[in-house]
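# Observations on the model geometry
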Amino acid sequence: MERVAVPHDGVWADGRAVISVLRAAGHESWIAGGAVRDLLLGRAVDEIDIATAAPPEEVERLFPRTVAVGKAFGVVVVVLAPGHEVEVATFRADGLYIDGRRPTGVRFASAQEDVQRRDLTVNALLLDPCDGTIADHVGGRADLAAGVVRAVGDAAARLGEDRLRVLRALRFAAVLGFTVETATWQAVCACDLTGVSRERVVAELGKALDSGAGAAFCRLCAAAGRLQAITPGLDPGPAASVLERLGLAPREATLAAWLHPLGAEGARAWLQVQPAPASWRRDVPWLIATAPALAALPAGARQRHLQDQRNPSLVAFASALDPDKADIYRQWQDLAGKRGRCPLGAADLLQAGFAPGPQLGQALRAMEDAWLDGSASSPEELLHCARQHAR
Ligand code: ATP
Ligand code: MG
């Protein structure tokens, strides 16, 4: 069996601690899934999942602090210390899938059976964190080395059982930069996505966007004919180009890049029917409407947007939309950062003889705009500007 070097610290130490307890009690136990894949690829690992022969009740008995997150499926979280949590799942075989989403039941099983229920071969490797042994029952090691996404077992059957696997296959191909093996690709293209909940679809899209692989995910979804199931009416060309230029960015910006070919109203309509937080519903259509118009806005209004802490994504998204303007956007953003708040306020204008009322508001705004766009800096210049607008 192949052996690899396993880090000593961080999540790996937690995983090793849990496995040592399980093994001392006589239960075969492994690190499984994404952590093994990412370790072998040299990618960062921030979460460890353990697969074990111990039934959930036994896991609860062996550790003083546990949370039964999915006991019916054999999943228990072991809490070693605050912030040190490890998910422990009993080896299981899934029962029949009848709704394209969930098995009718599970039965506890062997390690060999457990890996057969996993979606992709690269996600089905087992690792002993104590001696670095890899157990590979599905050919995942060769697929990792060759950069191939392949369903475990019969691709059409496996993707049909749980249709979310269609999007998972595309996401892993995009994020890892892998190709999709032929039979898996055929299943990805053929299997329809009816019945997959919006929550799970949006979560997959979000993971692809957050890993900076939005452009690749967009192109792959379009090539497989799956894009319309995620965002009806979306033109993949401009979405992918803007995502590519944007790279890693906050979710509001990547979502704006994904949705911008639909226009602000189209994006609003799509977000309205998604399980999206209120901040996305507010910020994403605003970004799509504001970013292309940024350069044409009056200087004061533009600088106001750039100074607003709620708009950290505006310059990134606007620059990805129009890379020729990226330099000037950056200069405007620097100016907004340097200026801070206008040193004079309403009280200063009243003291300088302005009368209370709507004209005071206009004068104040004009003065603040002049401060923000750099056209007035000293108190005299600011008061002069305010007087011009109060007439
Ligand atoms: P990441 O967390 O980076 O998305 P991961 O591989 O850890 O990647 P999870 O969704 O956390 O993915 O799932 C952990 C493991 O559980 C996977 O590696 C895979 O073996 C299995 N798995 C997850 N979802 C499914 C599914 N829908 N069908 C079959 N197996 C799955
Ligand atoms: Mg994971």
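Residues numbered from 1 in each chain as written. Chains lettered and ligands numbered in written order. Predicted model: local features only at pLDDT ≥ 70, side-chain atom pairs only at ≥ 80, totals over all residues. Heavy atoms only, no water.

## Some details on the overall build of the protein chain
Looking only at helices and strands, the protein chain has 21 helices and 11 strands in total. Against the globule reference of 21 Å for 391 residues, the protein chain gives a C-alpha radius of gyration of 27 Å, more extended than a compact globule. By principal-axis analysis of the C-alpha atoms, the protein chain measures approximately 85 × 45 × 35 Å. Buried residues in the protein chain amount to 48% of all 391 residues. A separation of at least 24 residues holds for 63% of the contacts in the protein chain among residues at least 6 apart in sequence. Here the protein chain displays about 17,900 Å² of accessible surface, and carbon together with sulfur accounts for 53% of that area. Distance between charge centroids for the protein chain: 4 Å, based on 42 positive and 46 negative side chains. (Helix = DSSP H or I, 4+ residues; strand = E, 2+ residues; numbered from the N terminus. Rg over C-alpha atoms; globule rule 2.2 N^0.38 Å. Buried < 20%, exposed > 50% of the residue type's maximum accessible area, 1.4 Å probe, protein only. Contact = heavy atoms within 4.5 Å. Areas by Shrake-Rupley, 256 points an atom, 1.4 Å probe, with all protein chains shown as cover. Lys, Arg positive; Asp, Glu negative; His and termini not counted. Charge placed at Lys NZ, Arg CZ, Asp CG, Glu CD.)

## Details of the packing of helix α9 (residues 198–210) against helix α13 (residues 251–259)
The contact between α9 and α13 brings their axes to 10 Å, and the two run at 105°. The angle between α9 and α13 falls in the class roughly perpendicular. For the pair formed by α9 and α13, the contact residues are L205, G206, K207, L209 and D210 on the first element and R251, T254, L255 and W258 on the second. Grouping the amino acids of the contact of α9 with α13 by side-chain chemistry returns four nonpolar, two polar and three charged. (Axes fitted to C-alpha atoms, helices over the stretch in contact; angles between N-to-C directions. Parallel < 35°, antiparallel > 145°, perpendicular 65-115°, else oblique. Nonpolar A, V, L, I, M, F, W, Y, C, P; charged D, E, K, R; others polar.)

## Comments concerning empty space enclosed by the protein
Evaluated as defined, the whole model comprises one cavity of 30 Å³ or more. Estimates place the volume of the largest cavity at around 30 Å³. L209, G212, A213, G214, A215, L243, G247 and T254 together form the lining of the largest cavity. (1 Å grid on protein atoms, 1.4 Å probe; cavity = no way out; pocket = protein on both sides within 12 Å on 5 of 7 lines; lining within 4 Å. Points joined across faces, edges and corners; volume = space filled by probe spheres on them.)

## Comments concerning the domain arrangement of the protein chain
The domain boundaries assigned to the protein chain delineate domain 1 (1–138), domain 2 (230–340) and domain 3 (341–390). Computed over C-alpha atoms, the centres of domain 1 and domain 2 are 40 Å apart. (Domains from an automatic or database assignment.)

## With respect to the site of ligand 1
Surveying the vicinity of ligand 1 reveals 14 residues, the closest of which are R37, N123, D162, R165 and R168. One of the backbone nitrogen or oxygen atoms of D119 is found 3.2 Å away from a nitrogen atom of ligand 1. Here an oxygen atom of ligand 1 and a backbone polar atom of N123 are 2.9 Å apart. Expressed as a share of its isolated accessible area of 580 Å², the protein-covered part of ligand 1 is 75%. Contributions of two or more residues to the shell around ligand 1 are made by α2 (34–41) and α7 (164–176). Here the element with the most residues in the shell around ligand 1 is α7; it accounts for four residues. Of the residues assigned to the shell around ligand 1, the class counts are one nonpolar, three polar and 10 charged. (Near = heavy atom within 4 Å. Polar contact = N/O pair within 3.5 Å; in protein donor to acceptor, adjacent residues only side chain to side chain.)

## A word on the sheet that holds strand β5 (residues 84–90)
One open sheet holds the seven strands; their spatial order is β3-β4-β5-β2-β1-β8-β9, and the pairing between them is mixed. Edge positions in the sheet fall to β3 (66–70) and β9 (134–135), since each of these pairs with one other strand and no more. Relative to strand β1 (residues 29–32), α2 is tilted by about 65°, and along the sheet it contacts β1, β8 (126–127) and β9. (Pairing = 2+ DSSP bridges.)

## Things to note about α7
An ideal rise of 1.5 Å per residue puts 18 Å on 13 residues; α7 measures up with 18 Å between its terminal C-alpha atoms. Taken across its 13 residues, α7 has 11 buried, putting it largely inside the fold. Within α7, burial applies to L164, R165, V166, L167, A169, L170, R171, F172, A173, A174 and L176. Positive backbone phi, at 70°, marks G177, one or two positions downstream of α7. (Expected span 1.5 Å × (residues − 1).)

## Focus: the side chain of T52
Mapped onto the elements of the fold, T52 is located in strand β2 (residues 49–52). Within the local environment of T52, its side chain forms a polar contact with the backbone oxygen of E28, the two atoms lying 3.3 Å apart. Of the polar contacts made by the side chain of T52, one reaches the backbone nitrogen of A54; its length is 3.1 Å. Beyond its immediate sequence surroundings of up to four residues, T52 is in contact with L22, H27, E28, S29, V59, V88, A89, T90 and F91.

## Side note on the pattern of salt bridges
By the definition in use, this model includes 28 salt bridges. Notably, a salt bridge pairs D38 with R37, separated by 3.0 Å at the nearest N-O pair. Relative accessible area serves as the criterion here: at 10%, D38 is assigned to the buried category. Here the salt bridges do not stand alone but share partners, grouping R158, E161, D162, R165 and R200 into one network. (Salt bridge = Lys/Arg side-chain N within 4 Å of Asp/Glu carboxyl O.)

## Details of the environment of V284
Here V284 shows up in helix α15 (residues 278–290). Taking relative accessible area as the criterion, V284 reaches 0% and is therefore assigned buried. Expressed as a C-alpha distance, the spacing of V284 and T254, which sit 30 residues apart in the sequence, is 9.1 Å. Once residues within four sequence positions are removed from consideration, V284 is found in contact with E252, L255, A256, L259, L271 and S279.

## Some remarks on the layout of surface pockets
Roughly 1,400 Å³ of internal volume is contained in the largest pocket. Along the walls of the largest pocket sit 40 residues, with D49, D119, R168, R171 and K207 positioned nearest its centre. Listing elements by their share of the lining of the largest pocket, those giving two or more residues are α2, β2, β5, β6 (92–94), α7 and α9. Sort the elements by how many residues they give to the lining of the largest pocket and α7 lands first, with seven residues. Across the lining of the largest pocket, the residue classes break down as 15 nonpolar, four polar and 21 charged.

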